[in-house]
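# A structural walkthrough
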Amino acid sequence: MATRRKSAPGTSNSAPTLLTWPLMLRLVTIVGASASFFLLLSVVPLYAEQSGGGSGAAGLSTSALMLATVCGELAAPRLTARYGYRLVLATGLVLLGAPSLLLTVSHGMGAVVGVCLARGAGFALTVVGGGALTAVLIPPERRGEGLALVGVVSGAQSVVALPLGVWLAQHAGYTTVFVIAAVLPLATAPAVAGLPRREPSAQRPLGMVDGFRTPALALPAAVFATTAVGAGVIATFLPLAVPPGRAGLVSAALFLQAATAIGARWVAGRYGDRHGPAGLVVPGLLLCAGGMLATAPTGSAAAVLVGMALFGTGFGIAQNATQTLMYARVPPSGYGVASALWNFAYDAGMGLGAVFFGLLSAGTGYVVAFAATGALMTTALVPAWYDHRMSRPPAPGPKP
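Given the structure is predicted, the values throughout are model-derived calculations rather than measurements.

This brings us to the overall build of the protein chain. The number of helices and strands found in the protein chain is 14 helices and zero strands. Along the protein chain, from the amino end to the carboxyl end, the secondary structure elements read α-α-α-α-α-α-α-α-α-α-α-α-α-α. The buried share among the 400 residues of the protein chain stands at 49%. Counting only contacts in the protein chain whose residues sit at least 6 apart along the sequence, the fraction spanning at least 24 positions is 83%. With the model as given, the accessible surface of the protein chain reaches about 17300 Å², and the carbon-plus-sulfur share is 69%.

Structure representation (structure tokens):
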């Protein structure tokens, strides 16, 4: 992955190596954690419903998972500051994997909720503690490209594992899926031993309250949360908004959205390393809003596909640009908070988007709700403008 770039006169001709051995080990843990998480994301609600709990049980399982994930993300920076990246990441992998085995012997709703709570907390530790460690492993000069690579690896798991989990449950049984989802993170946990320890820092670690109070972190997080609102709407309601009997269109649209997001994230990372990520935040936001507006005529296959391509492109750009900006604005002692705040914005935005859209569409219908969501997303131009204004260097004063 290390590539050569043109350098300014008097500098080295080679860029810092990106794909180092520690980063490859980190990618191994990302595959284990992400594949396990997405394998069961749709399978556990289906299992809860078919075990006699009904649709309410399915919703409860997902709610428990996301609640534990958000709470874990808020607590993870303090745990990382106290115990270090490796212990937090290893604990997250164990919590994500081992509880899944309980579902092979217990069918009660209490067990399902308990497993979801444990796995949600485990996933939070892997993305926050692991995310902070990832930032340490990537050279600052190639941070955008490195984060894009991590995003591609993680995103690929969602594209593959999400439908694969449902397919395996239908053709090989739930037990098979639960065992695979347990083995994947546990098998990759030994890779944590090859990752570096946290280096001592003389700086006081940032806390989550500091992160929310720091405009340099809170503003890009707010913009990203707004784009995540759209992601939550699409994942939850697009299959319902498209007319019945067009399952193929829904599958194609969701795949197109995921694929364009992965590709745009990679391109944005490489562009951001050369020209700076700040200029990408507003285009990413506008493409997301435009994608939601374009999707509003859900009876049109062309509108849905174009809308998902636009949204996916914007979402991938926003993911990389905001994450790169937030890491660049803190010292290494603040990587844990930057990671937690970004992931909190992701999950909270998706959850709030689904709730808001559900209430709105019940009274207006899907066409108006999609259009209104796209329009409301443009309100994030306000924090984006403030952030851009704050990040500009001051104008030079008159010469003495």
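This part is about helix H13 (residues 366-377). Over its twelve residues, H13 runs 16 Å from end to end, which matches the ideal 16 Å to within 8%, given 1.5 Å per residue. Residues Ala369, Phe370, Thr373, Gly374 and Met377 constitute the buried set of H13. Taken end-on, H13 shows its buried residues confined to a sector of 130 degrees, consistent with a single buried face. Residues of H13 that are buried make contact with helix H8 (215-241), helix H10 (281-295), helix H11 (301-328) and helix H12 (335-364).

It is worth spelling out the nonpolar core at this point. Grouped burial of nonpolar side chains is what soluble globular proteins tend to show. Ranked by internal contacts, the top residues of the largest apolar core, which has 87 residues, are Phe178, Leu238, Phe311 and Phe370. Broken down by element, this core gets its largest block of residues, twelve residues, from helix H4 (residues 109-137).

Moving on, we get to the packing of aromatic side chains. This model, assessed by the stated rule, comprises 17 aromatic pairs. Between tyrosine 47 and tyrosine 174, the ring centres sit 5.1 Å apart and the planes meet at 65 degrees, which makes this aromatic pair edge-to-face. Residue tyrosine 47 is located in helix H2 (residues 43-83), and its partner tyrosine 174 is located in helix H6 (residues 174-188); the two are separated by 127 residues in the primary sequence. Classification of tyrosine 174 by relative accessible area gives buried; the value is 18%. Each ring, one from phenylalanine 212 and one from phenylalanine 344, has its centre 5.7 Å from the other, and the planes form 90 degrees; the classification is edge-to-face. Residue phenylalanine 212 is found in helix H7 (residues 208-213), and its partner phenylalanine 344 is found in helix H12; the two are separated by 132 residues along the sequence.

A few words now on the pattern of salt bridges. Pairing between side chains becomes possible if they bear opposite charge and their charged atoms approach one another. Taken as a whole and judged by the stated rule, the model has three salt bridges. Between glutamate 145 and arginine 142 there is a salt bridge; the shortest N-O distance is 3.1 Å. Accessibility classification places glutamate 145 together with arginine 142 in one group, the buried group. For glutamate 145, the salt bridge is made with arginine 270, and the minimal N-O distance between the two is 2.8 Å. Of this pair, glutamate 145 sits in helix H5 (residues 143-171) while arginine 270 sits in helix H9 (residues 247-275), and the two are 125 residues apart along the sequence. A relative accessible area of 1% places glutamate 145 in the buried class. Linked by salt bridges that have partners in common, Arg142, Glu145 and Arg270 make up one network.

In this model helix H3 (residues 85-97) runs 18 Å from its N-terminal to its C-terminal C-alpha over 13 residues, within 8% of the 18 Å that 1.5 Å per residue would give. Among all positions of H3, only Tyr85, Arg86, Val88, Leu89, Gly92, Leu93, Leu96 and Gly97 are buried.

Further remarks concern the packing of H8 against H13. The contact between H8 and H13 brings their axes to 11 Å, and the two run at 170 degrees. The orientation of H8 relative to H13 falls into the category roughly antiparallel. Within the contact between the two elements, H8 uses Thr226, Thr227, Val229, Gly230, Val233, Phe237, Leu238, Leu240 and Ala241 and H13 uses Tyr366, Phe370, Thr373 and Met377. The residue makeup of the contact of H8 with H13, split by class, is nine nonpolar, four polar and no charged.

Before going further, it helps to examine the packing of H5 against H6. Interaxial distance between H5 and H6 falls to 6 Å at its minimum, and their mutual angle equals 140 degrees. One way to sum up the angle between H5 and H6 is to call them oblique. Contacts between H5 and H6 involve Gly165, Leu168 and Ala169 on the former and, on the latter, Tyr174, Val177 and Ile180.

Reading the values: rules and limits
- Residues numbered from 1 in each chain as written.
- Predicted model: local features only at pLDDT ≥ 70, side-chain atom pairs only at ≥ 80, totals over all residues.
- Heavy atoms only, no water.
- Helix = DSSP H or I, 4+ residues; strand = E, 2+ residues; numbered from the N terminus.
- Buried < 20%, exposed > 50% of the residue type's maximum accessible area, 1.4 Å probe, protein only.
- Contact = heavy atoms within 4.5 Å.
- Areas by Shrake-Rupley, 256 points an atom, 1.4 Å probe, with all protein chains shown as cover.
- Expected span 1.5 Å × (residues − 1).
- Arc of directions from axis to C-beta.
- Core = buried A, V, L, I, M, F, W, Y, C linked by side-chain atoms within 4.5 Å.
- Phe/Tyr/Trp six-rings, centres within 6.5 Å; stacked < 30°, edge-to-face > 60°.
- Salt bridge = Lys/Arg side-chain N within 4 Å of Asp/Glu carboxyl O.
- Axes fitted to C-alpha atoms, helices over the stretch in contact; angles between N-to-C directions.
- Parallel < 35°, antiparallel > 145°, perpendicular 65-115°, else oblique.
- Nonpolar A, V, L, I, M, F, W, Y, C, P; charged D, E, K, R; others polar.

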